[in-house]
Structure formats: C-alpha cells, structure tokens
Amino acid sequence: MLQVEAVHKSFGDFTAVYGANLTVEQGELVAVIGPNGAGKTTLFNLISGQLKLDKGKIVFKGEEISGLPPYDICKRGIGRSFQIVNIFHRLTVFENVQVAMLSHQRLSSNLFSPAQKLAVEETNRILESVGLSDKARNIAGSLSHGDQKILEIAIALGNEPELLILDEPTAGMSPEETAATMALIKQLAGTRGLTILFCEHDMEVVFDIAQSIMVMHHGQTLIQGKPEEVRKNKEVQEAYLGGEFDA
Ligand SMILES: Nc1ncnc2c1ncn2[C@@H]1O[C@H](COP(=O)(O)OP(=O)(O)OP(=O)(O)O)[C@@H](O)[C@H]1O
Ligand SMILES: [Mg+2]
C-alpha cells in the first residue's frame, strides 16, 4: 500500500532523515521505533506532505505522492495525528470530529449554515467507535490528556483514511490509558479494515501489537521485519534495544 524508498530530508546542514525505507502492506499494523531524534516524526511529515523530501520516493496505492501538498495526500487516503495534541480546544468533541468530516466532504464553507446538520450520523459513528460518545458535548479543551489524544484519532478518522498515521498515540498517558488506547488501535485496524502506521517509545506496546517493525537510527532504516526478527537482530540490540529491552 505504501512504499517509502531512500528518502532524505535536511534542515540546513543537518540531515534528519538519511535514506529511510519503509513498506506498509494493506491491513497491517506497522510500528516505527527509534531513539529520540531518530527521524520518526520527520519521516511521518514527509509521508503526509507536511514536509517536502529532498531525495527519494514515496508511493501510495501505486501512485507517487512525493512532494504533493498535505490536502492532496489526505484526499488520497492518508490521515494522521500529531505528536503534540492538535485539536480545537474551544469546540466540543462532536464539533472537532464534525469539522474534519465536513472539510473532508468539502463542505466546510457551509459549516455555520443548515449544512451543519450534515455528517451528524457519521460523526456519531466515529465517536462511538473510539468510545467518546458520552463526552460528545464536552468542550475539547476540558478533556483529559488521554481523551484529547483519542479525540485526535477520531479527527483523523473524520477524513475517512485508508492509512492512518499516528505519531506517539500514547505519549503522556497513564499505563491504563495506554492499554486502552492500544486496544482501540488494534480494534480500529480490525473492524474498520484500517492500515495503521505508528511510532511509539513503549517497547512493550510495540512488540505486543505491531505486525511489522521498522527501526530508525540516525535518520536511517536499520531493519524492517516481523517482531521476532527485529528482536533477534544484533545491530538493533546494540543500537537501540540495548539493556532496556529483554530479548
Ligand atoms: N524543522 C526542523 N528544523 C531543524 N531540525 C529539525 C526540525 N525538525 C526536526 N529536526 C531535527 O531532526 C531530528 C529528527 O527529529 P524527529 O522529530 O524526526 O525525531 P523523532 O524520531 O520523532 O524523535 P522523538 O522520538 O523525540 O519524537 C532531530 O535531531 C530534530 O532536532
Ligand atoms: Mg517524534
């Protein structure tokens, strides 16, 4: 579904992504891991078009998307959430998802007209699928951090993506919230037939749910493979897992 081939991205003299490769098959749950500053967020920004790549190629559903603007990439079916929570704090939970839904339907200019009624069912369905229905009328800014991160996933679903990219979906969450969020992600992949690409620092979470793991180090891809292969890989153990992971 997605092929990232030898992509490079520099910021001035500093190369953040230096020949990264990634393959995501339809229906897979793929994790990108790597230490702080490895280039994970930059790679996601290249895929979703927030940043333009310097070199390399990104192909989605057989078509090259490298260099396309974010709205175009979104329209083609790639949705994402951000490492830092990115919601409309003064709108309600419902409105946050509804806005995403309407803008996806290219009706955003009519948001404050009778068209407001639109997408109500779809919005409710999404809120239900992420477990936020009972907080639909709450102001987004008043939610707990964990619920705000879940709301971000709901907003990304409003664009009806085929590939959902999540940048540290459990960052800052309690162990309970983390477990619930990972269960939700697994469930979304199953029931909605979504393909999910995420990055995450919690190794337990990664090895528990990912079907394929790509390891980044200094902007490069060290390896991509099944969890067992990655766990056994000597280079990965030395570069990253080290003592902190019990192989
Ligand atoms: N806009 C930018 N300008 C300059 N340097 C940047 C910019 N964005 C990222 N970098 C640098 O690129 C490197 C990779 O950053 P990136 O955010 O992709 O890492 P990451 O793997 O997501 O790290 P983390 O796990 O901490 O989120 C870092 O050294 C970072 O400081
Ligand atoms: Mg990051």
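Residues numbered from 1 in each chain as written. Chains lettered and ligands numbered in written order. Predicted model: local features only at pLDDT ≥ 70, side-chain atom pairs only at ≥ 80, totals over all residues. Heavy atoms only, no water.

A short note on the sheet that holds strand β1 (residues 2-11)
Point 1. On the basis of which strands lie adjacent, the open sheet formed by four strands has the order β2-β1-β4-β5 and antiparallel pairing. Whereas interior strands pair on both sides, the edge strands pair on one side only; in this sheet they are β2 (14-24) and β5 (63-64).
Point 2. This element, helix α1 (residues 40-48), spans β1, β2 and β4 (55-60) of the sheet and lies at about 115° to β1. (Pairing = 2+ DSSP bridges. Helix = DSSP H or I, 4+ residues; strand = E, 2+ residues; numbered from the N terminus. Contact = heavy atoms within 4.5 Å. Axes fitted to C-alpha atoms, helices over the stretch in contact; angles between N-to-C directions.)

Looking at the domain arrangement of the protein
Point 1. When the domains of the protein are assigned, the result is domain 1 (1-68 + 162-169 + 176-247) and domain 2 (78-160).
Point 2. Of the residues lining the interface, 24 residues belong to domain 1; the matching set on domain 2 comes to 17 residues.
Point 3. Contact between domain 1 and domain 2 buries roughly 1,700 Å² in total, counting both sides, with carbon and sulfur atoms accounting for 58%.
Point 4. When the buried area of domain 1 at its contact with domain 2 is split by residue, D167, L184 and R192 rank highest and sum to 27% of it.
Point 5. At the boundary of domain 1 and domain 2, one finds zero salt bridges.
Point 6. With six residues, helix α6 (residues 175-191) is the single largest residue contributor to the side of domain 1 that touches domain 2.
Point 7. Looking at the side of domain 1 that touches domain 2, its residues break down into 13 nonpolar, six polar and five charged. (Domains from an automatic or database assignment. Buried area = accessible area lost by both parts, 1.4 Å probe. Salt bridge = Lys/Arg side-chain N within 4 Å of Asp/Glu carboxyl O. Nonpolar A, V, L, I, M, F, W, Y, C, P; charged D, E, K, R; others polar.)

What to know about the nonpolar core
Point 1. L151, I196, F198, V206 and I213 are the most contacted members of the largest nonpolar core, which has 46 residues in total.
Point 2. Element by element, the count of residues in this core is highest for helix α5 (residues 145-158), at seven residues.
Point 3. Built from parts of two domains, this core gets at least three residues from each of domain 1 (1-68 + 162-169 + 176-247) and domain 2 (78-160). (Core = buried A, V, L, I, M, F, W, Y, C linked by side-chain atoms within 4.5 Å. Buried < 20%, exposed > 50% of the residue type's maximum accessible area, 1.4 Å probe, protein only.)

Topic: the pairing of strand β3 (residues 29-33)
Point 1. Counting buried residues along β3, five of its five residues qualify, which places the element largely inside the surrounding structure.
Point 2. The pairing of β3 with strand β9 (residues 212-217) spans four bridges and is parallel. Along β9, the bridge assignment pairs I33 with V215.

Here we look at the site of ligand 1
Point 1. N36, K40, T41, T42 and H201 are the nearest of the 14 residues found near ligand 1.
Point 2. One of the backbone nitrogen or oxygen atoms of G37 is found 2.8 Å away from an oxygen atom of ligand 1.
Point 3. T42 places a polar side-chain atom, nitrogen or oxygen, 2.6 Å from an oxygen atom of ligand 1.
Point 4. When ligand 1 sits alone it has 630 Å² of accessible area, and the protein chains cover 62% of it.
Point 5. Of all the elements in the fold, those that place two or more residues in the shell around ligand 1 are β2 and α1.
Point 6. For the shell around ligand 1, the leading source of residues is α1, giving three residues.
Point 7. Looking at side-chain class alone, the shell around ligand 1 contains five nonpolar, seven polar and two charged residues. (Near = heavy atom within 4 Å. Polar contact = N/O pair within 3.5 Å; in protein donor to acceptor, adjacent residues only side chain to side chain. Areas by Shrake-Rupley, 256 points an atom, 1.4 Å probe, with all protein chains shown as cover.)

Quick notes on the side chain of N96
Point 1. For N96, the position within the fold is in helix α3 (residues 93-104).
Point 2. Engagement of the side chain of N96 in a polar contact is seen with the backbone nitrogen of F88, the distance being 2.8 Å.

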